[in-house]
Amino acid sequence: MRWVVTLGARTVHLDPAQQPPTLEQKAVGVWSVVLDGQTCALTLLPEGEGSMTLWWRGQRYGVRVEREAVFALRQHFSVKQEDASAGHTVKAHMPGLVTQVKVERGQHVGRGAGVIVIEAMKMENEVSAPVAGVVEAVDVLAGDQVEKGQRLCVIRPENAKDG
Amino acid sequence: MFEKILIANRGEIAVRILSTCRKMGVRTVAVHSHADRGALHARLADEAVDVGPAPASESYLNGERLIEVALVTGAQAVHPGYGFLAENATFARSVCEAGLVWIGPPAEAIAQMGDKLSARTLAEAAGVPLVPGSRVLESAKEVSSTAQQLGYPVLLKASAGGGGKGMRAVRTPDDIEAAFERARSEAQRSFGCTDLYLEKLVPQAKHVEMQVFSDGHGAHLWLGERECSIQRRHQKLVEESPSVVLSEAQRRQMGSDAVSLAQRCGYRGAGTVEFLYDVQAKNYYFLEMNTRLQVEHPVTEMVTGLDLVAWQLRVAAGEALPLRQDQIQRRGVAVECRIYAEDPLDFLPSTGHLRAFVPPEGPGVRLDSGVEQGDGVGPYYDPLLAKLVAHGHDRAQAIERLKDALDRFAIAGVTTNVAYHRALLDEPDFQAGKHLTDFVETHNLAVGLDALGENEAQTLAGALYALHEQRERRLRQALKATPDGWPQGER
């Protein structure tokens, strides 16, 4: 049986002739494996629903291990991720303190206009509108602490049909 | 020696100071903000006191509260670490006025060196080479005529500056007006002082700094240089000692220049004189003096075998330095990576909980960490988690040991810049010692999975497949253990 391992954005078709590498457990969830003669630590954390997360060299990667046929089916039926609403949610690209909210609900904004200012590590970062449109919702207030990836506001594109 | 001291800091440097105190039998008082309740430095100290809310301005920068805590707990001295109040002359003075000992240089030396222009004047008087530059410039017009004399490109700097704030490179006369206004408003906002001056910009430069140590008895020593050319946003990422560019004669000259400056400002304790090394001219110029223990001091400690924090405590307690200049020995090479909780490519900070934190061990490897497994990493403070340092008999061995240590370091739950360091240590310019201060901007490194060859990716995927199979097998066995194949409790 052939297997496919999806690692973040990378897809690896396992070579069936290859021997599985030797793994040594170092701690709960922590394993060491030899890559190109170099011993590397990898941490594998279960994330529920049977999925796993790999932490390697300080970075996080989603992991999927599946049979080649399953992988091919999933590829065949997978819908494009860029559905209509995806681009309109403005998220925090870093954790920090909201110092300024420059828009309010119902306001028209141009593409690239500054909507929210987040301060972290003494740096101010302006979050800008990914599309031109109308602000549909604002989720934060100045003074709020936000996490990375948290929704800040929603912008409905100018030419989109009314829901 | 002191019986008890207060450590007015957090994170890895507070833990670092604690460990020397423990060795010397000095008891410790840690301070922490609400957000740092239960943080490693607070857990390790003999006493820990909450000094206020998460924002540093209300806790770690609240000088009055820190002095009050020192007095109430019976601490005899205050160690400021680096950052926060370490280079605040007013705080240093208040500590002394409260009858406590300040583990740092005299307040006057901090004030003199804190102002970049007065530091330049002192350095000039001490005979230390300076980058050609100006006095305070009042208008864009004045900047323009001075820039003409110095020759472009030039660097517009804030006199009260630090950390790259209020600093602008100007390459053509057309950019003067805008650069002047922006640097001025940035300086006003950051330091409350709009004094600006010009320096000639050195295009191909390395950052080389000299560690000095002075006691109150007339001894001033230099301990060796550190090269810190790898920087992002004016913050250092990698430091090493010795620097590959200095000849032994230059090293001695730089050491004696740094010592003259320390003498000239009546220095006491640990200090660092920073220089810009002009690669084309093979000259160095004075940049500034940092009147505190540096983040990268472990590099010097590993090369000299000295404990700089122990020396700080001894000098503050009135002792003389235990060694003479000719007794300072430097052996091998040490390289340090600063492990930041941040994305390795866009350098944006990350937060979370450390679900794994398993440091590597090995010969010549040292870790200074402010966190342990299970600790939270919040958004409030500098994202420096730990410093990983490796020592070797030469630079190549130190780099190999550091690569190995980075690879065996398991960190999960918070994104760190380990992948950047790993890629950097393999980069040919860095390995050849040709790295300059603009390295990060001029080198696009492939990091993490992107840097992995097809064979290694196969091995990694094979490991994940094996672990996945192992998990599935265990699940199947758990199912088989029930009589009718249904999991327990669902029949």
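About the criteria used
Residues numbered from 1 in each chain as written. Chains lettered and ligands numbered in written order. Predicted model: local features only at pLDDT ≥ 70, side-chain atom pairs only at ≥ 80, totals over all residues. Domains from an automatic or database assignment. Axes fitted to C-alpha atoms, helices over the stretch in contact; angles between N-to-C directions. Helix = DSSP H or I, 4+ residues; strand = E, 2+ residues; numbered from the N terminus. Parallel < 35°, antiparallel > 145°, perpendicular 65-115°, else oblique. Left-handed = near helix turned anticlockwise from the far one by under 90°. Contact = placed C-beta atoms within 7 Å. Pairing = 2+ DSSP bridges. Nonpolar A, V, L, I, M, F, W, Y, C, P; charged D, E, K, R; others polar. Expected span 1.5 Å × (residues − 1). Buried ≥ 20, exposed ≤ 12 C-beta atoms within 10 Å, placed from the backbone.

Moving on, we come to the domain arrangement of chain B. Domain boundaries assigned for chain B yield domain 1 (4–103), domain 2 (132–200), domain 3 (205–449) and domain 4 (455–491). Each of domain 2 of chain B and domain 3 of chain B has a C-alpha centre, and the two are 29 Å apart.

So, about the packing of helix α1 (residues 11–24) of chain B against helix α11 (residues 308–316) of chain B. Residues and elements named next belong to chain B. The N-to-C vectors of α1 and α11 enclose an angle of 65°; their axes lie 9 Å apart at closest approach. Here α11 runs roughly perpendicular to α1, going by the angle between their axes. Handedness of the α1/α11 crossing: right-handed. In contact with R16, I17, T20 and M24 of α1, α11 contributes V309, A310 and L313.

Moving on, we get to the sheet that holds strand β5 (residues 38–46) of chain A. Within a sheet, neighbouring strands are paired by backbone hydrogen bonds and run either parallel or antiparallel to one another. Pairing is antiparallel in the open sheet, where 7 strands are placed in the order β2-β1-β7-β6-β5-β4-β3 (chain A). Where the open sheet ends on each side, the last strands, each with one partner, are β2 (10–13) and β3 (23–27) of chain A. On average, each strand axis in the sheet is tilted by 30° relative to the strand beside it, whichever way the strands run. Here strand β1 (residues 3–7) of chain A pairs with strand β7 (residues 59–67) of chain A via 5 bridges, running antiparallel. Opposite V5 of chain A, over in β7 of chain A, you have V65 of chain A as the bridge partner. Lying over the sheet, helix α1 (residues 68–77) of chain A contacts β1 and β7 of chain A, oriented at roughly 110° with respect to β7 of chain A. Against the sheet, helix α16 (residues 454–480) of chain B engages β1, β2, β3, β4 (30–35), β5, β6 (52–56) and β7 of chain A, with an angle of about 145° to β4 of chain A.

Okay, the interface of chain B and chain A next. Taken together, the contacts link 40 residues of chain B with 47 residues of chain A. For the side of chain B that touches chain A, the secondary structure elements donating two or more residues are β16 (356–358), α12 (395–407), β20 (410–412), α13 (418–426) and α16 of chain B. Of all the elements, α16 of chain B adds the most residues to the side of chain B that touches chain A, at 14 residues. Here the residues of the side of chain B that touches chain A are counted per class, giving 22 nonpolar, 11 polar and 7 charged.

Along its sequence, chain A is carved into domain 1 (3–77) and domain 2 (86–157). Of note, the centres of domain 1 of chain A and domain 2 of chain A, computed from C-alpha atoms alone, are 35 Å apart.

Residue and element names in this part refer to chain A. Relative to β7, β6 runs antiparallel, the two sharing 5 bridges. Bridge pairing in β7 places M52 opposite V63. Hairpin remark: β6 followed by β7, antiparallel, with 2 residues in the connecting loop; positive phi at R57, about 50°.

Below, the discussion takes up the sheet that holds strand β12 (residues 123–128) of chain A. Residue and element names in this part refer to chain A. One open sheet holds the 4 strands; their spatial order is β12-β11-β9-β14, and the pairing between them is antiparallel. Edge positions in the sheet fall to β12 and β14 (145–146), since each has one partner strand and no second. When strand β9 (residues 96–101) meets β14, the two strands line up antiparallel, connected through 2 bridges. Across the sheet, the residue bridging to L97 is Q145, located in β14.

All names here are of chain B. Interaxial distance between α12 and α13 falls to 10 Å at its minimum, and their mutual angle equals 150°. Relative to α13, the element α12 is oriented roughly antiparallel. Crossing hand, α12 versus α13: left-handed. Contacts from I399, L402, K403, L406 and D407 of α12 reach α13 at V418, H421, R422 and L425. For the contact of α12 with α13, the per-class residue count stands at 5 nonpolar, 1 polar and 3 charged.

Of note, A356 of chain B is situated in strand β16. Separated by 55 residues in sequence, A356 of chain B and I411 of chain B have C-alpha atoms that sit 5.2 Å apart. Sequence-distant contacts of A356 of chain B, defined by excluding residues within four places in its chain, comprise A27, G29, V30, T43 and W55 of chain A together with Q373, A410, I411, A412 and G413 of chain B.

For α16 of chain B, which comprises 27 residues, the first-to-last C-alpha distance of 38 Å matches the rise-based estimate of 39 Å (1.5 Å per residue) to within 8%. Along α16 of chain B, the residues classified as buried are T459, L460, A461, G462, A463, L464, Y465 and L467 of chain B.

Now for the environment of G151 of chain B. With respect to the secondary-structure elements, G151 of chain B resides in the loop between α7 (140–150) and β6 (154–158). Residues G151 of chain B and T172 of chain B, spaced 21 residues apart in sequence, show a C-alpha to C-alpha distance of 9.7 Å.

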